[in-house]
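Reading the structure
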Amino acid sequence: MCTEPTPPNLLIHPDEVERFDRGGGVATVPYVGKWNSDTALITTGQTVFQPGTGLPLHSHNVEESVLILEGEATAEIDGGLFDLEPGQATWVPAGVPHRFFNRGEGVMRIYWVYGGRDVTRTITATGETFAHLSEHDKGGAPTA
């Protein structure tokens, strides 16, 4: 049995990936992106939210799909609030304001896929735009 696929294929071991601390109890585990693939046309990863935390309302320059893996999530999408549970997923077109936050008592985990390699995040409240997973891409905070 092989231990790693032939490049450019990837096998991601989450426990070996350096976490990106977004602050305030939110951390991201990057999976596939321009940092480890010269050919992937998508960007993927997992974000872990401690109880009562979330990210600010924002939009991206590319589409995004999010799958709830664990916990009790609330998604705010284009002004609507939606309670989600594990196994449910969302799709948000580029430019649409959205956010996810943990409404439960335990950890919430999401798996996200962006439809592009060069992803940006624009904070709705300030209009500030920066590269996804850059030193400016923080903003995790309690939601209450």
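Conventions and cut-offs
- Residues numbered from 1 in each chain as written.
- Predicted model: local features only at pLDDT ≥ 70, side-chain atom pairs only at ≥ 80, totals over all residues.
- Heavy atoms only, no water.
- Helix = DSSP H or I, 4+ residues; strand = E, 2+ residues; numbered from the N terminus.
- Rg over C-alpha atoms; globule rule 2.2 N^0.38 Å.
- Phe/Tyr/Trp six-rings, centres within 6.5 Å; stacked < 30°, edge-to-face > 60°.
- Buried < 20%, exposed > 50% of the residue type's maximum accessible area, 1.4 Å probe, protein only.
- Lys NZ or Arg CZ within 6 Å of the ring centre and 35° of its normal.
- Pairing = 2+ DSSP bridges.
- Contact = heavy atoms within 4.5 Å.

**Quick notes on the overall build of the protein**
In terms of helices and strands, the protein carries zero helices and 14 strands. In sequence order, the secondary structure elements of the protein are arranged as β-β-β-β-β-β-β-β-β-β-β-β-β-β. By the compact-globule yardstick of 15 Å for 144 residues, the protein fits well, its C-alpha radius of gyration being 15 Å. C-alpha atoms of the protein, sized along the principal axes, occupy 45 × 30 × 25 Å.

**Focus: the packing of aromatic side chains**
Going through the model one piece at a time under the given rule, you end up with two aromatic pairs. For the ring pair Tyr31 and Tyr111, a centre distance of 5.9 Å and an interplane angle of 45° mean the geometry is tilted. Here Tyr31 is found in the loop between β2 (26–30) and β3 (43–49), whereas its partner Tyr111 is found in strand β11 (residues 108–114), with 80 residues between them in sequence. Here Trp112 and Tyr114 contribute two aromatic rings whose centre-to-centre distance is 5.0 Å and whose plane-to-plane angle is 45°, an arrangement assigned as tilted. Classification of Trp112 by relative accessible area gives buried; the value is 2%. Residue classification places Tyr114 among the buried positions, given a relative accessible area of 2%. In this arrangement the basic side chain of Lys138 is found over the ring face of Phe20, its NZ or CZ atom lying 4.6 Å from the centre.

**Considering the pairing of β3**
In terms of burial, β3 is largely enclosed, as seven of its seven residues are buried. Here β3 shows a buried face lined by Thr43, Gly45, Thr47 and Phe49 and a second buried face lined by Thr44, Gln46 and Val48. The sheet contact formed by β2 and β3 spans five bridges and is antiparallel. Within β3, the residue paired with Thr28 across the bridge is Thr47. Relative to β11, β3 runs antiparallel, the two being bridged by seven bridges. Within the sheet, the bridge partner assigned to Thr44 lies in β11 and is Val113.

**Thoughts on unusual backbone geometry**
A cis amide bond links Pro7 to the next residue, Pro8, at an omega of 15°. Mapped onto the secondary structure, Pro8 falls in the segment before β1 (20–23). Although it is not a glycine, Asp78 adopts a positive phi angle of roughly 50°. Look at Asp78 and you get exposed, because its relative accessible area is 59%. Look at Leu133: it is not a glycine, yet its phi comes out positive at around 65°. Judged by its relative accessible area of 18%, Leu133 falls in the buried class.

**Looking at the side chain of Thr53**
On the secondary structure map, Thr53 appears in strand β4 (residues 53–54). Using a relative accessible area of 5% as the deciding quantity, one classes Thr53 as buried. When near neighbours in sequence (up to four residues on either side) are disregarded, Thr53 contacts Gly24, Gly25, Val26, Phe101, Asn102, Ala141, Pro142 and Thr143.

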